[in-house]
Amino acid sequence: MSVHLTTLPSGFRVVTDRMDAVETVSLGVWVDVGTRHEPADINGVAHLLEHMAFKGTERRSALAIAEEIEAVGGHLNAYTSREHTAYYAKVLKEDVPLAVDILADILQNSIFDPAELDRERAVILQEIGQANDTPDDIIFDLFQERAFPDQAMGRPVLGRPEIIQSVPRDSVAGYLRQNYAAPRMVLAAAGKVDPEALADHAARAFSGLPHESAARTEPAIYIGGDRREQRDLEQVHVVLGFAGLSYKDPDYYAASVLSTALGGGMSSRLFQEIREKRGLVYSIYSFAHGYRDAGLFGVYAGTGPEEVSELMPAMCDEIRRIGDGLGAAELKRARAQLKAGILMSLESTSARCEQLAQHLLVYDELLDVADIVARIEAVDNEAVKRVARRITASRPTFTALGQIGRLEHFDRISARFA
């Protein structure tokens, strides 16, 4: 693996991971701005901007953007998260200059045509509607909002329909102009790429970026609590969670090991006890989400209205028991799962590319994979128990969607962890 980092005078960073065994390159621009950087009155603007970036520039129409990248067999896409926004492509090695040119064009010269904006509002309203019709998706938005109420971190990435319908064009264009600045952006590439050539091309292509950003990060303050919504569904969807750990917390990797052992695969405690032994669910898993200054740890499950009264005590018991530690084989297996996932991802240009960008945005440095593996290997039983105590000491967050009549009271759920 050959990683090369160049920081341009503007603060714009270009990082590459050269892989000579492949003929393609995954590359993209990651921006250190996401939903948590939006004012409340324009919630959803970061995601709307991501859509509008592909809808025409001073040089290219929306159709031309699609045709140019697909004419060389490449593809172009984007996503918005609570902390970052990414615009990325995958092309053959000889088409890297074209991909860089298109990315630079859409991030510096988008025109935000009013007619295109109105059409894209309608598209996003359809996207919101689709999410609302997907209970095992929308339950996590409800969970996030209950964990961080009345905060930027708790607002939905897609935004709210009433805001998307009315947010002014100037707000969308202004959000790009005020927040997308060179020091908050990383161009990452992995594959058969020349680091020096890419840095030179980036210096020319991204020369129009502002050098300062107005983006401010509102602190994330975990609150927790209870939220339930009655719906006529075949299943009851529940998420039970707690305050988790940030990416930078010394116990972050221990929390990941704990989550893997608890609900990270078919051998995990939750899967074996709740699904295999009791037959209460089809889907159940745990998660440990890290953010810059906070985190969330939790368990998702989908069950029948008749089974939910048995599910909740059993699920709480398994979460509580993890605080007693793991068996030697269980701990070894969880560490192996995490290590394998990281090392297997190195075979993908897309995963390598994203990993480079995320490391720079989150840690402001490139982490060595061997060091990450060593941190996972260093997680012992005492670390697992310590993290379990830290997590379950916080007030729970509980959200439910479906036929919720048989669910026990939030106070009863909370009391199980007292």
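Residues numbered from 1 in each chain as written. Predicted model: local features only at pLDDT ≥ 70, side-chain atom pairs only at ≥ 80, totals over all residues. Heavy atoms only, no water.

Topic: the sheet that holds strand 1 (residues 2-7)
We apply this condition: Pairing between two strands is assigned when DSSP locates at least 2 bridges connecting them. Segments assigned H or I by DSSP are reported as helices when at least four residues long, segments assigned E as strands when at least two residues long, and all are numbered from the N terminus. To define axes, lines are fitted to C-alpha atoms, for helices over the stretch in contact only, and angles between the resulting N-to-C directions are given on a 0 to 180 degree scale. Here a residue-residue contact requires only that any non-hydrogen atoms of the pair lie within 4.5 Å.
Spatial strand order, 1-2-6-3-5-4: 6 strands in an open sheet with mixed pairing. Edge positions in the open sheet fall to strand 1 and strand 4 (75-80), since each of these has one partner strand only. Looking at each pair of strands side by side, their axes are set apart by 15 degrees on average, direction ignored. By the bridge criterion, 6 bridges tie strand 4 to strand 5 (residues 85-92) in an arrangement that is antiparallel. Looking at strand 5, one finds that Ala78 is bridged to Tyr87. Contacting strand 1, strand 2 (13-18) and strand 6 (185-191), helix 8 (residues 195-205) runs over the sheet at an angle of about 155 degrees to strand 2.

Some words on the packing of helix 9 (residues 252-263) against helix 15 (residues 381-392)
Put simply, the rule is: Roughly parallel covers angles under 35 degrees, roughly antiparallel covers those over 145, roughly perpendicular covers 65 to 115, and oblique covers all other angles. Residue polarity is assigned by list, with Asp, Glu, Lys and Arg as charged and Ala, Val, Leu, Ile, Met, Phe, Trp, Tyr, Cys and Pro as nonpolar; anything else, Gly included, falls into the polar class.
At a minimum axis distance of 9 Å, the contact between helix 9 and helix 15 shows a crossing angle of 90 degrees. Classified by the angle their axes make, helix 9 and helix 15 are roughly perpendicular. Contact residues: Ala254, Ala255, Val257 and Leu258 in helix 9; Ala383, Val384, Val387 and Ala388 in helix 15. In terms of residue class, the contact of helix 9 with helix 15 is made up of 8 nonpolar, no polar and no charged.

A look at the pattern of salt bridges
As a reminder of what qualifies: Each reported salt bridge corresponds to a side-chain nitrogen of Lys or Arg within 4 Å of a carboxyl oxygen of Asp or Glu. Each residue is placed in one exposure class: buried if its accessible area under a 1.4 Å probe, protein chains only, is under 20% of its type's maximum, exposed if it is over 50%, and partly exposed if it falls in between.
Following the criterion strictly, the structure yields 39 salt bridges and no others. Note that Arg36 and Glu83 form a salt bridge whose closest N and O atoms lie 2.7 Å from each other. You can see Arg36 sitting in the loop between strand 3 (24-31) and helix 1 (45-52) and its partner Glu83 sitting in the loop between strand 4 and strand 5, a full 47 residues away along the chain. The two residues Arg36 and Glu83 agree in class, both being buried. Here Arg386 makes a salt bridge to Asp251, at a shortest N to O gap of 2.8 Å. Residue Arg386 is found in helix 15, and its partner Asp251 is found in the loop between strand 8 (236-243) and helix 9; the two are separated by 135 residues along the sequence. For Arg386, a relative accessible area of 35% puts it in the partly exposed group. Residue Asp251 is classed as buried on the basis of its relative accessible area of 9%.

Considering the side chain of Ser10
Condition: Polar contact is defined as a pair of N or O atoms within 3.5 Å, subject to the rule that within protein one atom must be able to donate a hydrogen and the other to accept it, and that residues adjacent in sequence are counted only when both atoms are side-chain atoms.
With respect to the helices and strands, Ser10 occurs in the loop between strand 1 and strand 2. With a relative accessible area of 17%, Ser10 lands in the buried category. Among the polar contacts listed, one links the side chain of Ser10 to the backbone nitrogen of Phe12, at a separation of 3.3 Å. In contact with Ser10, other than residues within four places in its own chain, are Ala182, Pro183 and His211.

Comments concerning the sheet that holds strand 7 (residues 225-230)
The strand order across the open sheet formed by 5 strands is 7-11-8-10-9, and the pairing between neighbours is mixed. The sheet is open, and its two borders are formed by strand 7 and strand 9 (281-290), each paired with just one other strand. For this sheet, the mean angle separating the axes of adjacent strands, direction not counted, is 10 degrees. Here strand 8 runs beside strand 11 (residues 397-402); their pairing, made up of 5 bridges, is antiparallel.

A word on the packing of aromatic side chains
Two numbers describe a pair of aromatic rings. These are the distance of the centres and the angle of the planes. Put simply, the test is: To pair, rings of Phe, Tyr and Trp, with the six-membered ring standing in for Trp, must have centres within 6.5 Å; the planes then decide the type, stacked if under 30 degrees apart, edge-to-face if over 60, and tilted in the middle.
Evaluated as defined, the whole model comprises 13 aromatic pairs. A centroid spacing of 6.3 Å and a plane angle of 65 degrees characterise the contact between Tyr87 and Tyr180, whose relative ring orientation is edge-to-face. Placement of the pair is Tyr87 in strand 5 and Tyr180 in the loop between helix 7 (169-179) and strand 6, with a sequence separation of 93 residues. The exposure classification of Tyr87 matches that of Tyr180, with both residues buried. Summarising the aromatic geometry, the rings of Phe140 and Tyr285 are spaced 6.5 Å apart at their centres and angled 15 degrees between planes, so their arrangement reads as stacked. You can see Phe140 sitting in helix 5 (residues 135-147) and its partner Tyr285 sitting in strand 9, a full 145 residues away along the chain.

Details of a nonpolar patch on the surface
Put simply, the rule is: Candidate patch residues must exceed 30% relative accessible area and have no salt bridge, after which like charges are joined if within 9 Å and Val, Leu, Ile, Met, Phe, Trp or Tyr side chains if within 5 Å. Using a 1.4 Å probe, the Shrake-Rupley method yields the accessible areas, and only the shown protein chains count as cover for residues.
On the surface, Val3, Leu5 and Leu366 cluster together to form a nonpolar patch covering roughly 200 Å² of accessible area. With respect to the element layout, Val3 can be found in strand 1.

A short note on the environment of Ser345
Mapped onto the secondary structure, Ser345 falls in helix 12 (residues 328-345). Of the residues examined, Ser345 reaches a relative accessible area of 21% and is grouped as partly exposed. Once the C-alpha coordinates of Ser345 and Gln355 are considered, the two residues, 10 residues apart in sequence, prove to be 9.4 Å apart.

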